[in-house]
Amino acid sequence: MKRLILSALLAVAGLATASAQGVLTWLETEHDFGTFNESDERVKCVLRAVNTGTEPVTILRVVPTCGCTTGDYTRTPVAVGDTATVTLTYHAVGRVGAFDKAVYVYTNGEQSKTILHIKGSVLAAPSTVKEMYPYQAGALCLDREIMTFGEVTHGSSKMSYIGAYNNSADTITVNFDNVPKYIEIEAFPTRVPPFGLCTISAFFNSFEGTQWGLNTAKIGLQAKQGVQSFTTAINLVATVNEDFSGLTKKQLEKAPIALVSNDVVDFGKFSRGAGTVRKQFTVSNSGRSPLLIRRIYCPDSIVGTSADVAEVKPGGSCTVSVAVNAASIDGIYLNTRLTVITNDPSHPKQEVRLVGIVEDAGQ
């Protein structure tokens, strides 16, 4: 019986000890700075908590979730009934638009972790808008006007982004037109609040409608502000390549081999008034499988190309015709290049330089 009574007394003492802890009861767990200027550089707020427990409590650390926020706090133990403070500072320079940040507070008390929040909206300084968002569609300012996807393996997708800032007190609605079927593009949010940020994201899908090699597109961005609508162009650039990484050694041994007859096609001297001048070169296949002519193109619009066949059998060749609009050549020299793309895994892309001299009338 004595042992039972002793055990009961020890249990009660243990419970009493366990319940004797500090408890921080927060008077505020969030603060809204509202809208303020980036030139303010730093804004601060103080959040308070009272120790409503039965023992002193200590704040062990304050951990912001972003480098834009720093925190200071009461370092000494907080006696029962006393108040602890956490001072949070938001660093606004270079961080325009709305923000909502969490800060974790850790203590040795009963509630060992508390989440605090700060939020607000930073108005960009004119110099920041000019530096960070140099392109405009009305009051919607963009950080770039070109979306580059880099190299995209045929059959896959890749994403690119543009950052935008509404430099006005009105809501701006963002829409797009002239969007190719291989592009998925959207603005988030579609309705950009006053002095708010927006992200324009685009997927380049190489499944359909894309060409081998260089792909370019120009999409119209419409920014509607009240009854007014402003338009600018977004340029998209991607290069679609074939994936040969899955070919076996045996397949590589039997692969087609593309041989281009000329690495330079010389048109010699010709008159600007000659209209269209033409030359030819050949692409032959010295491999053991059919050679597929994926694409032959020149980035210069004055040049047109065509191949007489799209598939070259082993040991065969195709003729490539090149036409140049002489009247549209800028200057007296023709100096450009075209790219031959095939399914040759060793040399899928080969370049041919086009050169010549334009003679004006009377020369």
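Within each chain, residues carry numbers counting from 1 in the order of the written sequence. Given that the model is predicted, a residue must reach a pLDDT of at least 70 before its local features are reported, and side-chain atom pairs must reach 80 or more before they are shown or counted; all residues, however, enter totals for whole chains, interfaces and linings. Values shown for side chains rest on all heavy atoms present in the structure; no hydrogens or waters enter the calculation.

Participant: Go over the overall build of the protein, please, and point to the residues and values.
Facilitator: Numbered from the N terminus, helices here are DSSP runs of H or I no shorter than four residues, and strands are runs of E no shorter than two. Helix and strand content of the protein: three helices and 27 strands. Here the globule rule is a power law, 2.2 Å times the number of residues to the power 0.38, and the radius of gyration is based on C-alpha atoms. Against the 2.2 N^0.38 benchmark of 21 Å for 363 residues, the protein shows a C-alpha radius of gyration of 34 Å, more extended than a compact globule. Its C-alpha atoms put the protein at 115 × 60 × 30 Å along the principal axes. Burial classes: relative accessible area under 20% of the type maximum marks a residue as buried, over 50% as exposed, and values in between as partly exposed (1.4 Å probe, protein chains only). Expressed as a percentage of its 363 residues, the buried residues of the protein come to 39%. Total accessible area computed for the protein in this model is approximately 19,600 Å², and 50% of it derives from carbon and sulfur atoms. What sets the accessible areas is the Shrake-Rupley method with a 1.4 Å probe; for residues, cover comes only from the shown protein chains.

Participant: Tell me about the sheet that holds strand β15 (residues 191-192), residues and numbers included.
Facilitator: Only when DSSP finds a minimum of two bridges between them are two strands counted as paired. Taken in spatial order, the five strands make up an open sheet running β11-β18-β17-β13-β15, and their pairing is mixed. Of all the strands in the sheet, just β11 (146-153) and β15 have a single pairing partner and so form its edges.

Participant: Go over empty space enclosed by the protein with me, naming the residues and quoting the values.
Facilitator: Points on a 1 Å grid, built from protein atoms alone, make a cavity when a 1.4 Å probe fits but cannot get out and make a pocket when they are open with protein on both sides within 12 Å along at least 5 of 7 lines; residues with an atom within 4 Å of a point are the lining residues. Grid points are joined across faces, edges and corners, and a volume is the space filled by probe spheres set on the points. Per the stated rule, a full pass over the model turns up one cavity of 30 Å³ or more. Reported here for the largest cavity is a volume of approximately 30 Å³. Around the largest cavity sit Y182, I183, F204, N215, T216, A217, L236, V237 and A238, which together line it. At the level of elements, β17 (213-225) and β18 (228-241) are the ones that each hand at least two residues to the lining of the largest cavity. Lys, Arg, Asp and Glu make up the charged group, whereas Ala, Val, Leu, Ile, Met, Phe, Trp, Tyr, Cys and Pro make up the nonpolar group; the residues left over, Gly among them, are polar. Taken together, the residues of the lining of the largest cavity break down into seven nonpolar, two polar and no charged.

Participant: Kindly report on the packing of aromatic side chains, identifying the contributing residues and their values.
Facilitator: The geometry of two aromatic rings is summed up by the distance between their centres and the angle between their planes. Two aromatic rings from Phe, Tyr or Trp, using only the six-membered ring of Trp, form a pair when their centres are within 6.5 Å; if the ring planes differ by under 30 degrees the pair is stacked, by over 60 it is edge-to-face, and anything between is tilted. Inspection of every chain in the model, using the stated rule, returns seven aromatic pairs. Taking the centre distance of 3.7 Å and the plane angle of 5° together, the rings of Y90 and F99 count as stacked. The two residues Y90 and F99 agree in class, both being buried. In textbook terms, an aromatic cluster arises when at least three aromatic residues are bridged by ring pairs, as seen for F33, F36, Y90 and F99. We call a charge positioned over a ring when the NZ of a Lys or the CZ of an Arg lies within 6 Å of the ring centre and within 35 degrees of the ring normal. In this structure, R61 packs its charged tip against the face of Y106, placed 4.1 Å from the ring centre.

Participant: Got a sec to walk through the sheet that holds strand β2 (residues 30-37)? Specific residues and values, please.
Facilitator: Spatially, four strands are ordered β2-β8-β7-β4 in an open sheet, and the strand pairing comes out mixed. Two strands in the sheet have a free side with no partner beyond their single neighbour: β2 and β4 (59-64). Adjacent strand axes in the sheet meet at a mean angle of 20°, parallel and antiparallel pairs treated alike. Taken together, the five bridges between β4 and strand β7 (residues 97-107) define a ladder with antiparallel strand orientation. Pairing of P64 across the sheet is with V103, part of β7. For helices, the fitted axis covers only the stretch in contact; all axes are lines through C-alpha atoms, and the angles between them, taken along N-to-C directions, range from 0 to 180 degrees.

Participant: A description of the environment of G246 should follow, citing residues and the corresponding values.
Facilitator: Within the secondary structure, G246 sits in the loop between β18 and α3 (249-253). A residue is classified by how much of its surface remains accessible, and G246, at 63% relative accessible area, is exposed. Linking G246 and N215, residues 31 residues apart in sequence, is a C-alpha distance of 24 Å.

Participant: Which residues make up the side chain of Q350, and what are the values?
Facilitator: On the secondary structure map, Q350 appears in strand β27 (residues 349-359). Whenever two N or O atoms come within 3.5 Å, that pair is a polar contact, provided that in protein one can donate a hydrogen and the other can accept it, and provided that, for residues adjacent in sequence, both atoms are side-chain atoms. At 3.1 Å, the side chain of Q350 forms a polar contact with the backbone oxygen of A258. Residue contacts follow a heavy-atom distance rule, with two residues in contact if any of their heavy atoms lie within 4.5 Å. Apart from the residues lying within four places of it in its own chain, the contact partners of Q350 are A258, V260, L338, T339 and V340.

Participant: Help me get a handle on the environment of R42, residues and values and all.
Facilitator: By secondary structure assignment, the location of R42 is in strand β3 (residues 42-51). When the C-alpha positions of R42 and G226 are compared, they lie 33 Å apart, and in sequence the two are 184 residues distant. With residues near it in sequence (within four places) discarded, R42 still touches T89, Y90 and H91.

Participant: I'd like a rundown of the pattern of salt bridges, residues and numbers included.
Facilitator: Any carboxyl oxygen of Asp or Glu that lies within 4 Å of a side-chain nitrogen of Lys or Arg is treated as forming a salt bridge with it. This structure, assessed with the given rule, holds five salt bridges. In this structure, E351 and R337 form a salt bridge, with 3.2 Å as the shortest nitrogen-oxygen distance. Placement of E351 in strand β27 and of R337 in strand β26 (residues 333-342) is noted, with a sequence separation of 14 residues between them.

Participant: Lay out the pairing of strand β16 (residues 197-205) with the relevant residues and their values.
Facilitator: Side-chain direction in a regular strand flips from residue to residue, so the side chains alternate between the two faces of the sheet. As paired strands, strand β12 (residues 157-166) and β16 are joined by nine bridges and run antiparallel to one another. Looking across to β16, one finds that Y165 is bridged to L197. In the sheet, strand β14 (residues 183-188) pairs with β16 via six bridges, with the strands oriented antiparallel. From the neighbouring strand, I183 faces β16, where its bridge partner is F204.

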